[in-house]
Amino acid sequence: MAKGEVKLLGSWPSPYVMRARIALNLKSVEYEFLEEKLGVKSELLLKSNPVHKKIPVLLHHSKPICESLVIVQYIDEVWSSGPAILPSDPYDRAVARFWASYVDEKFFPALRALPMAQGKEAMEAAMHPVKEGLALLEDAYANHSKGGPFFGGGQISYLDVAFGCFLGVIRVSEKVTGVALINEHTTPGLAGWAEEFCAHPAVEDVMPDTDKLTEFINRIIKMKSQSPN
Amino acid sequence: MTKVVVLLDFWLSPFGMRVRVALAEKGVEYEYREEDLGNKSQLLLQMNPVHKKIPVLIHNGKPICESLVIVQYIDETWKNKAPLLPSDPYQRAEARFWGDYIDKQIYSCGRRLWTTKGEEQEAAKKELIECFKVLEEHLGDRTYFGGDNLGFVDVALIPFYSWFYAFETCGNFKMEEWCPKIVSWAKTCMQRESVSKSLVDPLKVCHDFVLPRRKTLGLD
């Protein structure tokens, strides 16, 4: 397949963009990565995602697909000869979708607030829902991974991609707070899973370096504190 | 639990209505159980421990939660009748995108509209109308969002038709004036039994729930 057929609008720090990149890598799809600059949205982005004006956007034969989990499912369905990302059983699919939705609606909003928390009290308050979320995800891993190492069992699957993309931000939060959010004692399953996930060939090149991501997040926090909106 | 399919629901929940419509489209027999949200049943707490919310579909004892996850499950399990998602991957992606849009925008704007007053309410109303206009543009000249047949996006959106009268009463406006195509689309959907039997009376939503609740909240 010619590279020009598949393009991905994104940026290296975005966990949502990472989902799309991991999915494309899992299917061995060659694509052109168009990096969006921070603070400036390209014409192509605005044209391709007029509703949300957000990355990632997958362009397949110039047709845009938006929303990271929609993109992942699209990739899974189009390149169906590659390893399956969603399981085949409808119930297993529903479980994977449920937890991916939980990660997006509850877990990540809590996680995102953590590096922003200023002061000990604020940090402890911000930590609580994140730890709760990780406990639920640890349970989900125990219940559904069928021995692992991935949520999908022996192979990386939808929920691994949906949740694993946030490991970069989790590591930054751990560095900033000095608290090991994922660890052998409270989340042994997730601790093992995180290592396997980050070492996976489809993931290792797109998972951002923790120091680089910490610097980036600090820059964002500074930008936000300098401009009120 | 004697029936194979059980739905834990609440009468005016648009999310619950989505599941009712999907099950009706597929001709699936099920047991409907009304939850008292002020006193949630053991079954609900056991079947949805993460969110403790309805709707929950219980199929052969196993729970499925989150309305659009449930609708896709129904579509994939009872696949021989009334497909809700198209077969083409690009069209499926489009349908999922708009389902996600409806989830993110319509419910929260609508909720802000009926739970606030003054400037905040006015802002919510403007935003809600804007969202419906975006959907109207996407609908275009089609009968349904699904084309010739009721599809995933239609199922995701139509339950909010039960709430139009409540929105209009609280916001003092008429949907017909701002989004006539959406209103005519909704009326077309209501001609299907799967929809008319699943949705609740908009007057009841407004007079039995929304207006009394506004009084309790001290808004009126």
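The rules behind the values
Residues numbered from 1 in each chain as written. Chains lettered and ligands numbered in written order. Predicted model: local features only at pLDDT ≥ 70, side-chain atom pairs only at ≥ 80, totals over all residues. Heavy atoms only, no water. Helix = DSSP H or I, 4+ residues; strand = E, 2+ residues; numbered from the N terminus. Rg over C-alpha atoms; globule rule 2.2 N^0.38 Å. Buried < 20%, exposed > 50% of the residue type's maximum accessible area, 1.4 Å probe, protein only. Areas by Shrake-Rupley, 256 points an atom, 1.4 Å probe, with all protein chains shown as cover. Lys, Arg positive; Asp, Glu negative; His and termini not counted. Charge placed at Lys NZ, Arg CZ, Asp CG, Glu CD. UniProt positions renumbered as here; feature names shortened; annotations may be inferred. Pairing = 2+ DSSP bridges. Axes fitted to C-alpha atoms, helices over the stretch in contact; angles between N-to-C directions. Contact = heavy atoms within 4.5 Å. Buried area = accessible area lost by both parts, 1.4 Å probe. Salt bridge = Lys/Arg side-chain N within 4 Å of Asp/Glu carboxyl O. Polar contact = N/O pair within 3.5 Å; in protein donor to acceptor, adjacent residues only side chain to side chain. Nonpolar A, V, L, I, M, F, W, Y, C, P; charged D, E, K, R; others polar.

**Q** Explain the overall build of chain A to me, and be specific about the residues and the numbers.
**A** From N to C terminus, chain A includes 9 helices and 4 strands. Secondary structure elements of chain A, listed N to C terminal, follow the sequence β-α-β-α-β-β-α-α-α-α-α-α-α. Computed over its C-alpha atoms, the radius of gyration of chain A comes to 18 Å, within 12% of the 17 Å expected for a compact globule of 229 residues. With respect to the principal axes defined by its C-alpha atoms, chain A has extents near 50 × 45 × 25 Å. Of all 229 residues assigned to chain A, the portion counted as buried reaches 53%. When the accessible area of chain A is evaluated, it comes to approximately 10900 Å², of which 52% is carbon and sulfur surface. Each charge class in chain A can be summarised by its mean position, and for the 24 positive and 28 negative side chains these summaries are 8 Å apart.

**Q** Just give me the short version of the UniProt feature "domain: GST C-terminal" (unreviewed entry) in chain A, but keep the residues and values in it.
**A** UniProt feature "domain: GST C-terminal" (unreviewed entry): in the numbering of this structure it lies at residues 89-216 of chain A. The span residues 89-216 of chain A shows a helical share of 67% and a strand share of 0%, and its end C-alpha atoms are spaced 40 Å apart.

**Q** Residue-level account of the sheet that holds strand β4 (residues 63-66) of chain A, with values.
**A** Residue and element names in this part refer to chain A. Spatially, β2-β1-β3-β4 is the arrangement adopted by the 4 strands of the open sheet, whose pairing is mixed. Strands at the two margins of the open sheet, each flanked by one partner only, are β2 (32-35) and β4. Adjacent strand axes in the sheet meet at a mean angle of 25° when their direction is disregarded. Set on the sheet, helix α1 (residues 15-26) makes contact with β1 (6-10), β2 and β3 (57-60); between it and β1 the angle comes to about 155°.

**Q** Describe in detail the interface of chain B and chain A, supporting the description with residues and values.
**A** Opposite the 24 residues of chain B that make contact, chain A presents 25 residues. Each partner contributes to the roughly 2200 Å² buried at the junction of chain B and chain A, and carbon and sulfur atoms together form 66% of this total. Across the contact surface, chain B and chain A share 5 salt bridges. With a shortest N-O distance of 3.0 Å, R96 of chain B and E77 of chain A are connected by a salt bridge. Across the chain B-chain A interface, the total number found is 9 residue pairs in polar contact (both at pLDDT 80 or more). At the level of elements, β4 (62-65), α3 (67-77) and α4 (89-114) of chain B are the ones that each hand at least two residues to the side of chain B that touches chain A. Grouping the constituent residues of the side of chain B that touches chain A by class yields 12 nonpolar, 5 polar and 7 charged.

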